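# Structural overview for review
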Amino acid sequence: MTLNGIKQNEQSVEIHASTDIVWEGLADSRLLPHWVPAVEEVTSCSLDGEGVGATRSCTANLAGKSGTMVERCVEYTPTTRLAYLVDDESFGMRKMFDDYGFSLNLTTLDSERTAVTIETHYTPRNPVYAAMNATFMRRQFRSVANDILNGLRAFTEARQAATTE
């Protein structure tokens, strides 16, 4: 299974850390609160661990509103790509958008640098939500994605520094 929604956003960041160190942070759902500013706590992860079909639940705070999210891994290619679909959430996004999901893609630049690209996919359910998306929702999602990338960079670069000390 892949992401079926329309790609709404794509942003990248260069991280001064090896691809393996970046992947370790991405692939362990329990670490989300350390690098995703909106995630307050991971409340459960699949018993099967990580990989396609694995689910994770978390409490989050988006735009000052507390809620929950349940995500299911739909793509898992070690050191290269992760993709998740949001199966359930309490923020109202699934009322407005179909096929809401995202991916994180890694590109090794050299032994100490990795590019990470986040893509957000979803399809507005009707013309009203399409107008809202064009007016402000896409911008809000872009801000959240930027926070995620900056959090991942800070978290991963600190871990990289700890391994070289």
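The notes below deal with the structure included here.

Reading the values: rules and limits
Residues numbered from 1 in each chain as written. Predicted model: local features only at pLDDT ≥ 70, side-chain atom pairs only at ≥ 80, totals over all residues. Heavy atoms only, no water. Helix = DSSP H or I, 4+ residues; strand = E, 2+ residues; numbered from the N terminus. Contact = heavy atoms within 4.5 Å. Pairing = 2+ DSSP bridges. Axes fitted to C-alpha atoms, helices over the stretch in contact; angles between N-to-C directions. Buried < 20%, exposed > 50% of the residue type's maximum accessible area, 1.4 Å probe, protein only. Polar contact = N/O pair within 3.5 Å; in protein donor to acceptor, adjacent residues only side chain to side chain.

## Things to note about the side chain of T156
- With respect to the helices, strands and loops of the structure, T156 is situated in helix 4 (residues 127-164).
- Those residues within four positions of T156 in sequence are excluded, and the remaining contacts are I15, A17, I21 and V22.

## Side note on the sheet that holds strand 5 (residues 81-89)
- Within the open sheet, the 7 strands sit side by side as 1-7-6-5-4-3-2. Their pairing is antiparallel. The open sheet terminates on both sides in strands that have one partner only, identified here as strand 1 (7-15) and strand 2 (39-45). When strand polarity is set aside, the average angle formed by the axes of neighbouring strands in this sheet is 25°.
- Bridge count for strand 4 (residues 65-77) against strand 5 is 8 bridges, and the pairing is antiparallel. When the bridges of strand 5 are listed, Y76 appears paired with L82.
- Across the face of the sheet, helix 4 comes into contact with strand 1, strand 3 (55-62), strand 6 (97-110) and strand 7 (113-124) while running at roughly 20° to strand 1.

## Observations concerning the pairing of strand 3
- Among the 8 residues that make up strand 3, 6 are buried, leaving the element largely enclosed by the rest of the structure.
- Bridge analysis of strand 2 against strand 3 gives 5 bridges, and the strand direction is antiparallel. Looking at the pairing, C45 lines up with R56 of strand 3.
- Connecting strand 3 to the next strand, strand 4, in antiparallel fashion are 2 residues, including A63 with a positive phi near 55°.

## Some points on the side chain of S103
- The residue S103 is located in strand 6 in this model.
- For S103, a relative accessible area of 0% gives the class buried.
- At 3.3 Å, the side chain of S103 and the side chain of N105 are in polar contact.
- Apart from the residues lying within four places of it in its own chain, the contact partners of S103 are L3, R81, L82, A83, T117, I118 and E119.

## What to know about helix 1 (residues 19-27)
- With 7 of 9 residues buried, helix 1 lies mostly within the body of the structure.
- Along helix 1, the residues that are buried comprise T19, I21, V22, W23, G25, L26 and A27.

## What to know about the environment of Q11
- Mapped onto the secondary structure, Q11 falls in strand 1.
- C-alpha separation for the pair Q11 and N146, spaced 135 residues apart in sequence, amounts to 7.3 Å.
- Look past the residues within four positions of Q11 in its chain and what remains in contact with it is V116, T117, I118, R142, A145, N146 and L149.
- Engagement of the side chain of Q11 in a polar contact is seen with the side chain of N9, the distance being 2.7 Å.

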